[in-house]
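Descriptive structure summary
Below are the chains, spelled out letter by letter.
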Amino acid sequence: MNQPEEKIQQTIQQLSQNRRLGQYVDGTLSIPQPYRGLGVIRLIVVGQDPTVKDAEGRKVIRTALNLDRNGSVRAYLEGVCRELGIRLAENVYATNLYKNFLSVLQHRYWRVTFFESSWISGYLYLKKS
C-alpha cells in the first residue's frame, strides 16, 4: 500500500468509528484501485463513490467504476470513447472522488455532511493518483 492509500485507509477507519458518520461507512472492504489505460491518458473519469446497493456485490468491486469488468458503465464509457476517437483500454484514467464504500446508497444520506468530512482524504488521494 502506498502513502496516499494508507492515509485514505486510516481516514476510513476514523470515519467508521465516528458517532455520527460511522453508521454510513463500510470499512471492511479494500479501496477500489483506479482504472488506468495502457497508453497516453486523454480522458479522466471521476466517479462519486464505489457503493452499490447489495452489500455482497461490493465485495467483487476491485477497480473504480468496475471498469475491469464488462458492465453498463464500461459499455457506456466505451461509446463515449468511440465518439471522442480514443479507446478505453488505452486512453482513460478513472477513479472515485470518495474512495470508501458506504453502507447506504448516496441518495439516502444527503442530509449527512459525510462529503464534508471525507473530502480532504479523497482530494489528497485523487491529487496523488
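To be clear, the structure that these remarks concern was listed above.
Description of the structure in this document. (Residues numbered from 1 in each chain as written. Predicted model: local features only at pLDDT ≥ 70, side-chain atom pairs only at ≥ 80, totals over all residues. Heavy atoms only, no water.)

1. Describing the overall build of the chain
A count of helical and extended segments in the chain gives five helices and five strands. From first element to last, N terminus to C terminus, the chain shows the α and β order α-β-β-β-α-α-α-β-β-α. Across the 129 residues in the chain, those meeting the buried criterion constitute 43%. Long-range contacts, defined as pairs at least 24 residues apart, comprise 76% of the intrachain contacts of the chain with a sequence gap of at least 6. If you sum the accessible surface of the chain, you get close to 7900 Å²; carbon and sulfur atoms cover 50% of it. (Helix = DSSP H or I, 4+ residues; strand = E, 2+ residues; numbered from the N terminus. Buried < 20%, exposed > 50% of the residue type's maximum accessible area, 1.4 Å probe, protein only. Contact = heavy atoms within 4.5 Å. Areas by Shrake-Rupley, 256 points an atom, 1.4 Å probe, with all protein chains shown as cover.)

2. What to know about the pattern of salt bridges
Side-chain pairs of opposite charge can arise whenever the charged atoms involved come near each other. Tallied over the entire structure, the rule returns three salt bridges. With a shortest N-O distance of 3.6 Å, glutamate 90 and arginine 87 are connected by a salt bridge. (Salt bridge = Lys/Arg side-chain N within 4 Å of Asp/Glu carboxyl O.)

3. Structural notes on the sheet that holds strand β3 (residues 43-47)
Judged by pairing direction, the sheet is mixed, and its three strands sit side by side in the order β2-β4-β3 without closing on themselves. Bordering the open sheet on either side are β2 (35-36) and β3, each of which pairs with just one other strand. (Pairing = 2+ DSSP bridges.)

4. Structural notes on unusual backbone geometry
Phi at leucine 65 takes a positive value of approximately 60°, unusual for a residue other than glycine. Tracing the chain through its elements places leucine 65 in the loop between α2 (55-58) and α3 (72-84). Non-glycine residue asparagine 66 carries a positive phi angle of around 60°.

5. A word on the side chain of threonine 63
Along the polypeptide, threonine 63 turns up in the loop between α2 and α3. Within the structure, threonine 63 has its side chain in polar contact with the side chain of aspartate 68 (distance 3.3 Å). Beyond its immediate stretch of four places on either side in the chain, threonine 63 contacts Pro32, Gln33, Pro34, Tyr35 and Asp68. (Polar contact = N/O pair within 3.5 Å; in protein donor to acceptor, adjacent residues only side chain to side chain.)

6. Concerning the environment of threonine 28
Checked against the element boundaries, threonine 28 lands in the loop between β1 (25-26) and β2. A C-alpha to C-alpha distance of 9.5 Å links threonine 28 and isoleucine 12, two positions 16 residues apart in sequence.

7. Quick notes on the side chain of asparagine 91
Within the secondary structure, asparagine 91 is located in helix α4 (residues 88-91). By relative accessible area, asparagine 91 is classed as buried at 12%. At a separation of 2.8 Å, a polar atom in the side chain of asparagine 91 contacts the main-chain carbonyl oxygen of valine 40. Beyond its immediate chain neighbours, meaning those up to four positions away, asparagine 91 contacts Gly37, Val40, Ile41, Arg42, Leu43 and Ile86.

8. Looking at the layout of surface pockets
Put simply, the largest pocket is a space of about 180 Å³. In this structure, the largest pocket is lined by 12 residues; those nearest its centre are Asp49, Pro50, Val52, Leu65 and Asn66. Along the lines of polarity and charge, the residues of the lining of the largest pocket split into five nonpolar, six polar and one charged. (1 Å grid on protein atoms, 1.4 Å probe; cavity = no way out; pocket = protein on both sides within 12 Å on 5 of 7 lines; lining within 4 Å. Points joined across faces, edges and corners; volume = space filled by probe spheres on them. Nonpolar A, V, L, I, M, F, W, Y, C, P; charged D, E, K, R; others polar.)

9. Brief notes about helix α1 (residues 3-16)
In this model α1 runs 20 Å from its N-terminal to its C-terminal C-alpha over 14 residues, within 8% of the 20 Å that 1.5 Å per residue would give. Among the residues of α1, those classed as buried are Pro4, Glu5, Ile8, Gln9, Thr11, Ile12 and Leu15. An end-on view of α1 places all buried positions within 160° of arc, on one side of the element. Residues Gln3 and Gln14 are exposed on α1 and point more than 90 degrees away from its buried face. (Expected span 1.5 Å × (residues − 1). Arc of directions from axis to C-beta.)

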